Amino acid sequence: MLPAVFGSGEQVDSVGLWIEGRVVATNGATADLFEPATGRALARVAVAGAGDAEHAAEVAARVFREGAWSRTSAAARQRALLALAARIREQAEALAQLEARNAGKPISDARWEVDAAAQCFEFFAGAATVLSGRVPPVDGRGLSVVLRKPVGPCALIVPWNFPFLIAAWKLAPALAAGNTVVLKPASATPLSALRLGPLAREAGIPDGVVNVVAGPGASAGAALVCHPAIRKISFTGDSSNGAEILHLAAPDIKRVSLELGGKSASLVFADADLEACVESSLLAGFGNAGQDCCARSRILVEESVHDRLVERFTAATRRLRMGDPLDSDTQVGSLISSAHRERVLAYVETGRAEGARLLCGAEIPSAGALAGGAFLSPAVFSDVTPAMRIAREEIFGPVVAILPFRDEQEAVALANDSEYGLSGSLWTGDARRALRVARALETGAISVNASRSVFLEAPFGGWKRSGMGRELGIEALEGYTETTSIYFETETEG
Ligand code: NDP
């Protein structure tokens, strides 16, 4: 039996699965996790197989039917979710340290993400109490009442880039609507999600409402997706895996929402505030070492300011502080693994081979404290053409491609010439143009003269191969419900 240890010191020790309010071991299957920034051992975790995932799905189904959560009042769910947010805040620093070490991300980012996760539970705690049906005006002879009900047991499948935050984005609305869940974190980053189980229990959420199984996507994840008791799947990850999940969910017509990849663009017009644009685009391109579905990995810039922007952006990129994730001054941490770094470097080579010019970065520290980690310095490419792979494919690493455009029409055409449509930015001093271009872009979100585009209150999700359905906002909450339309005859027929 693996003990549930949440280390605050050097070693995080062994961590089991969380099913029906307690730590559960698998049939002996465990895996060692290593810190991507140092290569040092971090924890030994239980690895769920298909059988463990199926067991968790059955628990979630039984607990849903029993109604201890699904039939409780919205006010009670609100209190529990607020208590969960409070527990997260109490443990915020420990959670942030764990997240930074497990994912190799800067501690300042991890602190922000843990706080944003707590805010997410607070937002959906309130939303639970305003979620309501409606009374549509059907005809004069009766009354129609449309109820909103929880959809049922949900499988929440999470990637490694924002492990705790994306878990909260799914868990908070699913719970607010009255569902039970099985949360499956990414194999590389299960630690913070595994903490959510005990925290939910401490917050008074009944056992079996929140179950967490860490295990491989191909076995444990697929078993969850296919389990007949699971009614809804919310998946964040790679577009091809999203397509596979859609396929697996098809026979039972399960509800599926997908948040997938991106190749988002920043459109920079000649009348933009270039200083502000450069400063903001650094974070938009290289935040989380570029391992961000919303990363503005393409900068499209009007020809007349192209050279100026390239020069300033490259100089600013060189100044970014890559370093130890646990150092508060670090801006760029390590990638998730050396294997992922190899994938990113292969794109750098492709870019060069296709004729793009590497202006800075793509270097591996060969000595000193960073040499043992999966670090890669932020890279900027110019002389990129729209057909090149680095302009079209999601690299999911610290690589930004800069392309020129002639006019507004070409800018919009280039931005939309992508199989993705998740996010983007638009830099201009002309408000009418901002509205015109924003309306023409095929994307789930666009920020004008800014890079922030994700807010708890607004829907977040993609067009095209970036996904379907929405996270956050009232749209996410509704996505975890079904409706029943009830008709009352009030007049005698005839
Ligand atoms: P993956 O698709 O590899 O994995 C995401 C999660 O799905 C993991 O938990 C994984 O498990 C699991 N999984 C993989 N295959 C299956 C399957 N067949 N059935 C069930 N579960 C499965 O993505 P990454 O973790 O590599 O994350 C990076 C990707 O996520 C990028 O493409 C990025 O754009 C996208 N992303 C999208 C976001 C959005 O909101 N649109 C936000 C963040 C990331 P395991 O770890 O064991 O493989």
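None of the values given here were measured: they were computed from a predicted structure.

*Asks:* What am I meant to see in the packing of aromatic side chains here?
*Replies:* Centre-to-centre distance and the angle between the planes together describe a pair of aromatic rings. By the definition in use, this model includes five aromatic pairs. Plain terms: the ring middles of Phe269 and Phe405 are 5.1 Å apart, the flat faces sit at 65° to each other, and that makes the pair edge-to-face. Of this pair, Phe269 sits in the loop between strand S12 (265-268) and helix H9 (274-286) while Phe405 sits in strand S16 (residues 399-405); the two residues are 136 residues apart in sequence, bridging distant segments of the chain. Here Phe269 and Phe405 have matching classes, each one buried.

*Asks:* What exactly am I supposed to notice about the pairing of strand S8 (residues 181-184) here?
*Replies:* Every other side chain in a regular strand lies on the same face of the sheet, so the side chains alternate between the two faces. The side-chain alternation of S8 yields two buried faces, one formed by Val181 and Leu183 and the other by Val182 and Lys184. Both strand S7 (residues 154-157) and S8 contribute to a ladder of four bridges, which runs parallel. Residue Leu156 lies in a different strand from S8, and its bridge partner there is Leu183. Between the parallel pair S7 and S8, the chain is carried across by helix H5 (residues 163-176), and the sense of this crossover is right-handed. Here S8 pairs with strand S9 (residues 210-212) via three bridges, running parallel. Within S9, the residue paired with Leu183 across the bridge is Val212. Running through helix H6 (residues 191-202), the crossover from S8 to the neighbouring parallel element S9 is right-handed.

*Asks:* Before we go on, may I ask you to explain the environment of Thr26 in this structure?
*Replies:* Structurally, the position occupied by Thr26 is in the loop between strand S3 (22-24) and strand S4 (30-34). In this structure, the C-alpha to C-alpha distance between Thr26 and Leu441, residues 415 residues apart in sequence, is 48 Å. With residues up to four places along the chain from it excluded, the contact list for Thr26 reads Leu17, Ala46, Val47, Ala48 and Asp52.

*Asks:* Even after reading the chapter, I still don't get the site of the ligand, so can you show me in this structure?
*Replies:* Lining the immediate environment of the ligand, one finds 30 residues, of which Ser187, Asn241, Leu260, Cys293 and Glu394 sit closest. A distance of 2.6 Å is found between a nitrogen atom of the ligand and a backbone nitrogen or oxygen belonging to Leu260. A distance of 2.6 Å separates an oxygen atom of the ligand from a polar side-chain atom of Glu394. Looking at the shell around the ligand residue by residue, the class counts come to 16 nonpolar, nine polar and five charged.

*Asks:* Mind showing me how you'd approach helix H7 (residues 217-226) here?
*Replies:* Turn by turn, an α-helix covers 3.6 residues, leaving residues three or four places apart pointing in a common direction. Of the positions making up H7, those classed as buried are Ala220, Gly221, Ala223, Leu224 and Val225. On its buried face, H7 sits against helix H1 (50-66), S7, S8, strand S10 (232-236) and helix H8 (239-249).

*Asks:* Looking at this model, I keep getting lost on the sheet that holds strand S18 (residues 424-427). Mind explaining?
*Replies:* Where strands meet in a sheet, backbone hydrogen bonds hold them as pairs that are either parallel or antiparallel. Reading across the sheet, the seven strands line up as S14-S15-S16-S13-S12-S18-S19 and stay open at both edges, with mixed pairing between neighbours. Only two strands of the sheet have a single neighbouring strand rather than two, namely strand S14 (357-360) and strand S19 (447-448). Across five bridges, the pairing between strand S13 (residues 298-302) and S16 is parallel. Paired with Leu300 across the bridge in S16 is Leu403. Across the sheet, helix H10 (residues 303-319) is in contact with S12, S13, S14, strand S15 (379-382) and S16; its angle to S13 comes to roughly 140°.

*Asks:* Please clarify how the environment of Arg406 should be interpreted in this entry.
*Replies:* Assignment of secondary structure puts Arg406 in the loop between S16 and helix H13 (408-416). Of the residues examined, Arg406 reaches a relative accessible area of 52% and is grouped as exposed. Along the primary structure Arg406 and Lys464 are separated by 58 residues, whereas in three dimensions their C-alpha atoms are 26 Å apart.

*Asks:* How should I be thinking about the state of the cysteines in this particular structure?
*Replies:* By the definition in use, this model includes zero disulfides. Cysteine Cys120 shares no disulfide, and the gap to the nearest cysteine sulfur, in Cys154, comes to 14 Å. For Cys120, a relative accessible area of 0% corresponds to the buried category. The structure places no disulfide on Cys294, whose sulfur is separated from the nearest cysteine sulfur, that of Cys293, by 4.2 Å.

The rules behind each value
- Residues numbered from 1 in each chain as written.
- Predicted model: local features only at pLDDT ≥ 70, side-chain atom pairs only at ≥ 80, totals over all residues.
- Heavy atoms only, no water.
- Phe/Tyr/Trp six-rings, centres within 6.5 Å; stacked < 30°, edge-to-face > 60°.
- Helix = DSSP H or I, 4+ residues; strand = E, 2+ residues; numbered from the N terminus.
- Buried < 20%, exposed > 50% of the residue type's maximum accessible area, 1.4 Å probe, protein only.
- Pairing = 2+ DSSP bridges.
- Right-handed = clockwise from strand over helix to strand, strands pointing away.
- Contact = heavy atoms within 4.5 Å.
- Near = heavy atom within 4 Å.
- Polar contact = N/O pair within 3.5 Å; in protein donor to acceptor, adjacent residues only side chain to side chain.
- Nonpolar A, V, L, I, M, F, W, Y, C, P; charged D, E, K, R; others polar.
- Axes fitted to C-alpha atoms, helices over the stretch in contact; angles between N-to-C directions.
- Disulfide = S-S within 2.5 Å.

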